[in-house]
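# Report on the structure
Spelled out from the first residue to the last, the chains are:
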Amino acid sequence: ILKSEGFFNIFGGTESRFSSKVGWARDFDHYFHVFEKWSESIPKVDWIQRAFQNYKGFNKFIMIHLDFLHEPLVAFHDLEKPRTFDLSLIDKTKGDNTRQLYFEQLKLLDYQIGVFMSSLKEQNEYDNTAIILTGDHGAGINWVKHNTYSLYEERIRVPLTVKYPLWSKNNLSPSKISNSCFEIYKIISAMLGKALPDYFENLPQYNKKYNDYAFAETIMNPNKEFKSHKIAVINDKYKYVAWNKIDWNFSKIEKSFVDEKLFGWDENKNTFNENQNMLEDKMSLAKKYQELTKEIINQNLTFHKQYKPESF
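Conventions used here
Residues numbered from 1 in each chain as written. Predicted model: local features only at pLDDT ≥ 70, side-chain atom pairs only at ≥ 80, totals over all residues. Heavy atoms only, no water. Helix = DSSP H or I, 4+ residues; strand = E, 2+ residues; numbered from the N terminus. Buried < 20%, exposed > 50% of the residue type's maximum accessible area, 1.4 Å probe, protein only. Contact = heavy atoms within 4.5 Å. Core = buried A, V, L, I, M, F, W, Y, C linked by side-chain atoms within 4.5 Å. Expected span 1.5 Å × (residues − 1). pLDDT = per-residue confidence, 0-100. Pairing = 2+ DSSP bridges. Axes fitted to C-alpha atoms, helices over the stretch in contact; angles between N-to-C directions. Polar contact = N/O pair within 3.5 Å; in protein donor to acceptor, adjacent residues only side chain to side chain.

### Concerning the overall build of the chain
Each helix and strand counted, the chain has 6 helices and 10 strands in total. Considering the chain as a whole, with its 312 residues, one finds that 38% of them fall into the buried category. Across the chain, every contact between residues at least 6 apart in sequence was considered, and the portion connecting residues at least 24 apart equals 53%.

### Regarding the nonpolar core
Within the largest apolar cluster, 19 residues are counted, with the highest numbers of intra-cluster contacts made by Tyr 240, Leu 262 and Tyr 289. Broken down by secondary-structure element, the contributors of at least two residues to this core are β7 (228-234), β8 (238-247), β9 (252-266) and α6 (283-306). The greatest single-element share of this core, amounting to 6 residues, is contributed by α6. Ignoring any residue separated from it by four or fewer positions in sequence, one finds Tyr 289 in contact with Tyr 213, Val 233, Asn 235, Tyr 238, Tyr 240 and Leu 262.

### Considering helix α4 (residues 180-191)
Here α4 contains 12 residues, and its C-alpha end-to-end distance of 16 Å stays within 8% of the 16 Å for a straight helix at 1.5 Å per residue. Ser 180, Glu 183, Ile 187, Ile 188, Ser 189, Ala 190 and Met 191 are the residues of α4 that are buried. In the core, the buried residues of α4 are packed alongside β3 (60-64), β4 (131-134) and β5 (160-163). Positive phi shows up at Gly 193, right after α4, with a value of about 75 degrees.

### Looking at unusual backbone geometry
A positive phi angle, near 90 degrees, is found at Glu 15, a position not held by glycine. Mapped onto the elements, Glu 15 comes out in the loop between β1 (8-14) and β2 (30-34). Owing to a relative accessible area of 13%, Glu 15 belongs among the buried residues under this scheme. Positive phi values are uncommon outside glycine, yet Asn 124 reaches one of about 55 degrees. Relative to the assigned elements, Asn 124 resides in the loop between α2 (97-122) and β4. The exposure class assigned to Asn 124 is exposed, which follows from its relative accessible area of 68%.

### Concerning the confidence of the model for the chain
Confidence in the prediction for the chain averages 84 pLDDT; 86% of positions are at 70 or higher. By mean pLDDT, the top-scoring element of the chain is β3 (95), and the lowest-scoring one is helix α3 (residues 153-156) (64).

### Some details on the sheet that holds β2
Pairing between sheet strands relies on hydrogen bonds along the backbone, with the strands arranged either parallel or antiparallel. Taken together, 3 strands build an open sheet; the order of strands is β2-β1-β3 and the sheet is parallel. Unpaired on one side and paired on the other, β2 and β3 mark the two borders of the sheet. Taking the axes of each pair of neighbouring strands and ignoring which way they run, one obtains an average angle of 5 degrees across the sheet. Here β1 runs beside β2; their pairing, made up of 5 bridges, is parallel. Its bridge partner lying in β2, Gly 13 is registered against His 33. Strands β1, β2 and β3 of the sheet are contacted by helix α1 (residues 45-54), whose axis makes an angle of about 165 degrees with β3.

### A word on the sheet that holds β9
Across the sheet, which stays open at both edges, the 5 strands sit in the order β6-β7-β8-β9-β10 with antiparallel pairing between neighbours. Whereas interior strands pair on both sides, the edge strands pair on one side only; in this sheet they are β6 (214-218) and β10 (271-273). Averaged over all adjacent pairs, the angle separating strand axes in this sheet is 30 degrees, with direction ignored. Two strands pair when backbone bridges link them, and β8 and β9 are joined in this way by 9 bridges, in the antiparallel orientation. Counterpart to Val 241 in the pairing with β9 is Lys 261. Running at roughly 130 degrees to β9, α6 makes contact with β6, β7, β8 and β9 of the sheet.

### Regarding the side chain of His 229
With respect to the element layout, His 229 can be found in strand β7. Looking at His 229, its side chain comes within polar contact range of the side chain of Glu 217, at 2.8 Å.

### As for the environment of Lys 255
The residue Lys 255 is located in strand β9 in this model. Considering only alpha carbons, one finds Lys 255 and Asn 244, 11 residues apart in sequence, at a separation of 5.7 Å. Setting aside its immediate chain neighbours within four residues, Lys 255 contacts Asn 244 and Lys 245.

Below you can see the structure in the form of structure tokens.
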């Protein structure tokens, strides 16, 4: 969409999942990718500033994947000196020290973004620049792969902050619950004054009836059981989690609601209280979530049946 509007598209990123070999480079005019996040050459916020300056006078879309907050949080190379952590910290990154290391990286990222914002203002480019800040997932400090609840906040509560430019033709009003990966496409289309194509509008994730909900599914379950499936649904007051058995070969539900939990929002802690399962106290509400969950799973399995996963 941006290319059709005359934008020059630039990408900078880290980690193997962004390899051009799996199609990420498609439609970008300039693509810079580094495999190891601990490399000296990883693109940081100053890379955006250089790209911004190099293509001054052009309409440009710059996408960068910043890996400051992804483990390993400690990197040792010349560009980090003298800001190098004590070597003894390496052993402790899985312990209590992880939070402090995470916070140090967050401060560094915040500082670099602040410098970039200041440079935009100095060049009188700030008002005409759209800025979208999001994550490929939420905070992962408490998340453990294949643990009992592998769908906690790390997979659903993904940050999304948008600063609109003066040239935007339509500024979307934020909703309480935002499915960030879907919202960004809508936001950019709205800025350009473009309507979403029918094939997007007809997808269940763009259905207005789901505007107040966010969904996440996973098959990363305890014991790595092939048929295991879990789905989480949140709105601004409750979070519902259900365990199911899926026959992936025939794309159908084998057993629904093997287990389920319902958590309420804790205003004081600004998170869901996952120490208290409210399921038995709110059965009528749980029933509503059951129906919603089954509806979503069946829609996804219809898609799964039509477009079978390929083996690589």
